Amino acid sequence: MKNLTGEQYAATKYNEYEVQREMPLMDFLMTELNGISRNKVKDILQGHGVSVDRKLVTQYNFPLKPGMKVQVSKHRRKTELESKWIKIVYEDKDIIVIEKAPGILSMAATAKQFCVKTILDEYFQRRHFKCHAHVVHRLDRETSGLMVYAKSIEAAQTLERNWKNRVYDRRYIAVVGGQMEREGGTVESWLKDNKACITYSSPTDNGGKFAVTHYHVLKTTERYSLVELRLETGRKNQIRVHMSDLGHPVCGDNKYGSTQNPLYRLCLHAFRLYLYHPATGQPMKFETPYPTDFINLFNKQ
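Residues numbered from 1 in each chain as written. Predicted model: local features only at pLDDT ≥ 70, side-chain atom pairs only at ≥ 80, totals over all residues. Heavy atoms only, no water.

Caption draft 1: Spatial organisation of the packing of aromatic side chains. The final tally for this structure, using the stated rule, is seven aromatic pairs. Taking 5.6 Å as the distance between ring centres and 45° as the angle between the ring planes, the aromatic pair formed by Y123 and F124 counts as tilted. As far as burial versus exposure is concerned, Y123 and F124 are alike and both buried. Considering the side-chain rings of F271 and Y290, the 5.0 Å spacing of their centres and the 85° angle between planes classify their relative orientation as edge-to-face. Residue F271 is located in strand β16 (residues 268–276), and its partner Y290 is located in the loop between β17 (283–287) and α8 (292–299); the two are separated by 19 residues in the primary sequence. Since its relative accessible area comes to 25%, Y290 is described here as partly exposed. An aromatic cluster of at least three residues, connected via ring pairs, comprises Y168, Y274 and Y276. (Phe/Tyr/Trp six-rings, centres within 6.5 Å; stacked < 30°, edge-to-face > 60°. Buried < 20%, exposed > 50% of the residue type's maximum accessible area, 1.4 Å probe, protein only. Helix = DSSP H or I, 4+ residues; strand = E, 2+ residues; numbered from the N terminus.)

This is the structure:
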């Protein structure tokens with residue numbers, strides 16, 4: 001590194017702060033960085049983003065004394081997740097909640113297949129976390145939206161064993177074909193896969209799994225309807241099959257009868273996920289805005 005003055009050094013790569021009184025490095029950073037969380041501070045330290053008097057420090061309780069200079073990197077830390085496929089919404093030691101983009105699998109169907117779990121496992125490894133992403137539910141490859149992954153087997157088992165009671169509100173937004181005849185209602189049927197992995201719906205018990213979907217129409221045009229859906233059960237392809245049952249398949253879903261694909265994707269997004277934390281039991285509420293392109297489709301009509 002070239003010999004720079006303190007002012008030049010700080011101006012190139014770092015923001016520099018002077019210590020006024022004795023305190024641990026963690027407390028100092030949380031104060032100077034506008035109330036940043038403890039986890040974020042630890043991320044910065046683990047990512048080699050903090051120096052004290054030009055010496056790299058990773059110890060969060062490093063004792064600071066008056067007159068010391070603390071440098072904090074201006075650049076994005078290498079431990080942060082940068083992916084076009086997922087965005088982290090929430091994370092703690094037990095779970096991680098992400099927003100998935102359309103076009104990626106929730107988990108691998110074959111060995112070494114690229115998926116959300118792969119991205120999360122690599123992210124944990126970069127942060128030196130001794131954990132893996134455990135899949136507790138899925139979204140179809142072409143469906144976007146909120147998902148929760150467990151970070152331990154114990155948390156995964158707690159969620160999986162009592163999923164219906166642990167997850168107390170899951171909602172989706174969809175663009176479906178045509179103008180819906182009713183403002184809202186409920187679809188109930190038995191769903192069962194055939195040998196070609198096509199899910200079939202039956203009004204009577206066909207040996208499959210009973211499924212219940214509640215729907216509410218938000219906007220309609222002659223060509224499309226914007227529909228909010230609440231799952232009472234979580235069966236494979238449930239929303240897609242039930243919308244097809246109503247004669248209004250999800251746009252972009254040629255597998256279940258759609259002939260319209262205005263956004264060149266399956267127009268289904270999981271926007272709400274309310275659950276009880278697997279370790280603490282505390283209610284947790286996560287929501288994302290409706291996708292802008294869904295809304296714009298109706299504003300253009």
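Moving on from the coordinates now.
Caption draft 2: The nonpolar core, seen in detail. Counting residues in hydrophobic clusters, the biggest one holds 42 residues, and the most contacted among them are L120, Y149, V175, L229 and V250. The residues touching V250, leaving out its near neighbours within four places in the chain, are A174, V175, V176, I239, R240, M243, S258, L266, C267 and L268. Formed by 19 residues, the second largest nonpolar core is a distinct cluster that contains V19, F28, L33 and V70. (Core = buried A, V, L, I, M, F, W, Y, C linked by side-chain atoms within 4.5 Å. Contact = heavy atoms within 4.5 Å.)

Caption draft 3: Local environment of helix α5 (residues 153–161). Buried within α5 are the following residues: A155, A156 and L159. Projection of α5 onto a plane perpendicular to its axis shows the buried side chains occupying an angular sector of 100°, all on one side. Pointing more than 90 degrees away from the buried face of α5 are the exposed residues E154 and R161. For α5, the elements touching its buried residues are β8 (95–100), β9 (134–135), β10 (144–150), α6 (163–166) and β16. (Arc of directions from axis to C-beta.)

Caption draft 4: Geometry of the environment of A133. Among the structural elements, A133 can be located in the loop between α4 (116–126) and β9. Here A133 falls in the buried class, since its relative accessible area comes to 2%. Along the backbone, A133 and S152 are 19 residues apart, and their C-alpha atoms lie at a distance of 7.5 Å. Apart from residues lying up to four places away in sequence, A133 is in contact with K117, L120, D121, F124, Y149 and A150.

Caption draft 5: Spatial organisation of unusual backbone geometry. Phi at R54 is positive, roughly 70°, even though this residue is not glycine. On the secondary structure map, R54 appears in the loop between β3 (50–52) and β4 (55–56). In this structure, H128 is a non-glycine residue whose phi angle is positive, near 65°.

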